[in-house]
Amino acid sequence: MPIEPIVIDAIINGKKHKAEKQAPRENPANPDETVGYAPLNTRAETIQAIDAADAAFTMWRETSFDDRIARMRRAIQKIKEKTPEIAALLSREHGKALYDAEGEIAVSMMWMEFACDNIADVLQNEVQEHNGGKTIIARDAVGVVTAISPWNYPISLSTIKIAPALLAGNTMVLKPSPLAPLAVSKVTELIADEFPPGVLNLVHGEAEVGVELTSNSKVAKIAFTGGTETAKHIMKAAADTIKHMTLELGGNDAAVVLDDFDVNDDKAMRRIVISNFLTAGQICMIAKRVYVHETIFDKFIEKYREAADKWIRVGDPFDKNVTVGPLNNKKQVEFVQRLIDDSKQKGAEVIKLGKVLDEELYQRGYFMQPTLVLGADYDDPIVEQEQFGPTVPILPFKDDKHAIRLANNSIYGLTSSVWGKEEHAVEVAKHIQAGTTMINTAAIQGLDVRFPFGGVKQSGIGREYGKEGLLSYTETHVINIPKTLDLPYIPE
């Protein structure tokens with residue numbers, strides 16, 4: 001039975017703002033179904049939102065930590081209470097399986113609670129008394145923050161910005177992706193309702209909105225998660241006014257499976273499979289290329305296929321038996337398919353994994369059955385590029401130095417993983433160029449919101465999560481109180 005499409009609005013200065021134009025969001029599992037409509041805001045409306053945030057900042061920066069934390073905790077409770085309906089909406093508009101949508105909300109709540117628990121301690125003034133007098137190191141709010149979040153994890157990659165920004169005394173204008181705008185807007189509305197008008201604003205739209213958010217002179221910081229190419233445009237747009245930036249970008253994350261990895265460890269094999277195909281492979285930090293020591297390669301492939309065929313069940317995201325739903329959009333399906341076709345043409349073997357539970361639904365939606373690619377060259381596009389979909393190349397390596405060289409042979413460096421005996425794995429991990437390297441796990445399974453997350457090379461600038469993620473929404477303000485006011489070494 002069709003569900004009535006929902007309509008969401010922008011939020012500007014504490015009020016819902018109806019746009020003249022709206023854009024539909026389809027259900028990736030059934031593209032004929034419209035899940036809802038998001039506004040297409042204009043540049044003028046975006047300026048209104050920025051102006052509202054700028055006006056609110058003067059007041060909001062002076063509020064106490066206790067006030068900010070209390071408001072955020074109330075918002076967290078409201079989101080928790082509405083998790084079932086938010087998760088269902090996210091699953092329907094995004095395509096991710098329902099358990100995955102619920103997991104995204106759970107991670108978001110973990111981070112928001114961590115931020116509430118730690119913000120006051122992390123940002124408290126540091127006072128140092130020394131021979132020259134006394135110095136106070138304060139952490140001041142930056143100002144107006146614009147946040148642009150992607151479609152793959154729209155709620156968690158928005159709240160990762162909202163919570164520390166507002167708790168640190170900043171104000172914000174958030175723009176979600178048009179490919180998953182609905183559930184995150186509902187979450188943003190719940191948060192905004194707990195804060196004074198103008199503290200948290202929400203806009204949607206196309207290129208002109210993004211340009212204003214990244215170039216407006218009243219914006220002090222940009223927090224962006226998305227593609228590397230888009231980030232280059234953002235940096236250029238922000239250059240004239242020298243804005244602060246946190247950029248969490250793409251990654252072509254390598255998994256290195258050492259010769260002492262136990263291929264008969266069924267749970268470990270399952271973790272590897274999940275690290276390749278959770279959210280249909282549409283995660284920036286998922287393992288996208290796997291390198292396996294040549295002495296265990298054949299046995300690894302045998303056990304990998306067994307684990308994959310057991311775990312992967314493609315179908316309706318609302319079916320509790322389903323582990324992999326459709327891709328989010330047709331464009332992504334076409335991109336991944338081109339990589340697979342290119343590999344076939346170059347002689348690689350493409351092996352389908354798991355099973356499709358509903359063939360009729362599969363043909364109707366943006367589904368792809370996960371695939372394993374064997375025999376690809378190390379420099380093939382499916383290895384060098386970020387697939388962001390349900391396919392993974394697995395390739396052999398000769399020794400540790402070879403594996404490290406292969407893992408580091410990328411313009412990206414977001415996450416990586418090393419699989420094997422812990423001491424050996426950690427030693428290899430030390431030589432891999434990545435913001436995070438996980439041992440015997442990967443992707444979301446190895447994420448811990450208590451510690452910083454971000455990339456090296458073209459995978460980003462700055463860190464989110466952890467104490468560093470809280471500090472990234474502040475300016476360091478040094479207040480010096482000299483013991484003597486006499487000028488040193490100045491003649492009379």
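Residues numbered from 1 in each chain as written. Predicted model: local features only at pLDDT ≥ 70, side-chain atom pairs only at ≥ 80, totals over all residues. Heavy atoms only, no water.

**Student:** Help me out: how do you make sense of the overall build of the chain in this one?
**Tutor:** When its secondary structure is counted, the chain shows 16 helices and 23 strands. In summary, the chain has a C-alpha radius of gyration of 24 Å against a globular reference of 23 Å for 492 residues, a match within 12%. The C-alpha extent of the chain, read off along each of the three principal axes, is 80 × 60 × 40 Å. Relative to its full complement of 492 residues, the chain shows a buried share of 57%. Taking contacts inside the chain between residues at least 6 apart in sequence as the whole, the part at least 24 apart equals 74%. For the chain, the computed accessible surface area is about 21,400 Å², with 50% contributed by carbon and sulfur atoms. Computing the positive centroid from 55 side-chain charges and the negative centroid from 69, the chain places the two 1 Å apart. (Helix = DSSP H or I, 4+ residues; strand = E, 2+ residues; numbered from the N terminus. Rg over C-alpha atoms; globule rule 2.2 N^0.38 Å. Buried < 20%, exposed > 50% of the residue type's maximum accessible area, 1.4 Å probe, protein only. Contact = heavy atoms within 4.5 Å. Areas by Shrake-Rupley, 256 points an atom, 1.4 Å probe, with all protein chains shown as cover. Lys, Arg positive; Asp, Glu negative; His and termini not counted. Charge placed at Lys NZ, Arg CZ, Asp CG, Glu CD.)

**Student:** When you look at the pairing of strand β9 (residues 171-175) in this model, what are you seeing that I'm missing?
**Tutor:** The side chains of a regular strand alternate between the sheet's two faces. Of all the five residues making up β9, five are buried; the element is thus mostly covered by neighbouring parts of the structure. Pairing geometry for strand β8 (residues 144-148) and β9, over five bridges, is parallel. Within the sheet, the bridge partner assigned to V145 lies in β9 and is M172. Once you follow β8 into helix α5 (residues 156-167) and on to β9, the crossover reads as right-handed. Summarising the sheet, β9 and strand β10 (residues 200-202) pair through three bridges and their orientation is parallel. Bridging across to β10, M172 finds its partner in L200. Once the chain exits β9 it traverses helix α6 (residues 182-192) before rejoining the sheet at β10, and the crossover so formed is right-handed. (Pairing = 2+ DSSP bridges. Right-handed = clockwise from strand over helix to strand, strands pointing away.)

**Student:** What is the right way to read the sheet that holds strand β13 (residues 253-257) from this model?
**Tutor:** Two modes of strand pairing occur in sheets, parallel and antiparallel, and in both the strands are linked by backbone hydrogen bonds. The seven strands lie next to each other as β16-β18-β19-β14-β13-β20-β21, forming an open sheet whose pairing is mixed. This sheet does not close on itself; its edge strands, each paired only once, are β16 (349-352) and β21 (436-439). Taking each pair of neighbouring strands and ignoring which way they run, the sheet shows an average axis angle of 20°. With four bridges connecting them, strand β20 (residues 415-419) and β21 associate as parallel partners. Looking at β21, one finds that V418 is bridged to I439. The sheet strands contacting helix α15 (residues 422-429) are β20 and β21, and the helix crosses β21 at an angle near 165°. (Axes fitted to C-alpha atoms, helices over the stretch in contact; angles between N-to-C directions.)

**Student:** I would appreciate a short explanation of the pattern of salt bridges in the present structure.
**Tutor:** When the charged atoms of two side chains lie near each other, side chains of opposite charge can form a pair. With the rule as written, the count across this model stands at 22 salt bridges. In this structure, E194 engages K78 in a salt bridge whose closest nitrogen and oxygen atoms are separated by 3.0 Å. In this pair, E194 sits in the loop between α6 and β10 while K78 sits in helix α2 (residues 65-81), placing the two residues 116 residues apart along the sequence. Using a relative accessible area of 15% as the deciding quantity, one classes E194 as buried. On the basis of relative accessibility, which here comes to 22%, the residue K78 falls in the partly exposed class. Across the pair K346 and D342 runs a salt bridge whose closest N-O atoms are separated by 3.2 Å. Taken together, the shared-partner salt bridges in this structure form one network comprising R74, K78 and E194. (Salt bridge = Lys/Arg side-chain N within 4 Å of Asp/Glu carboxyl O.)

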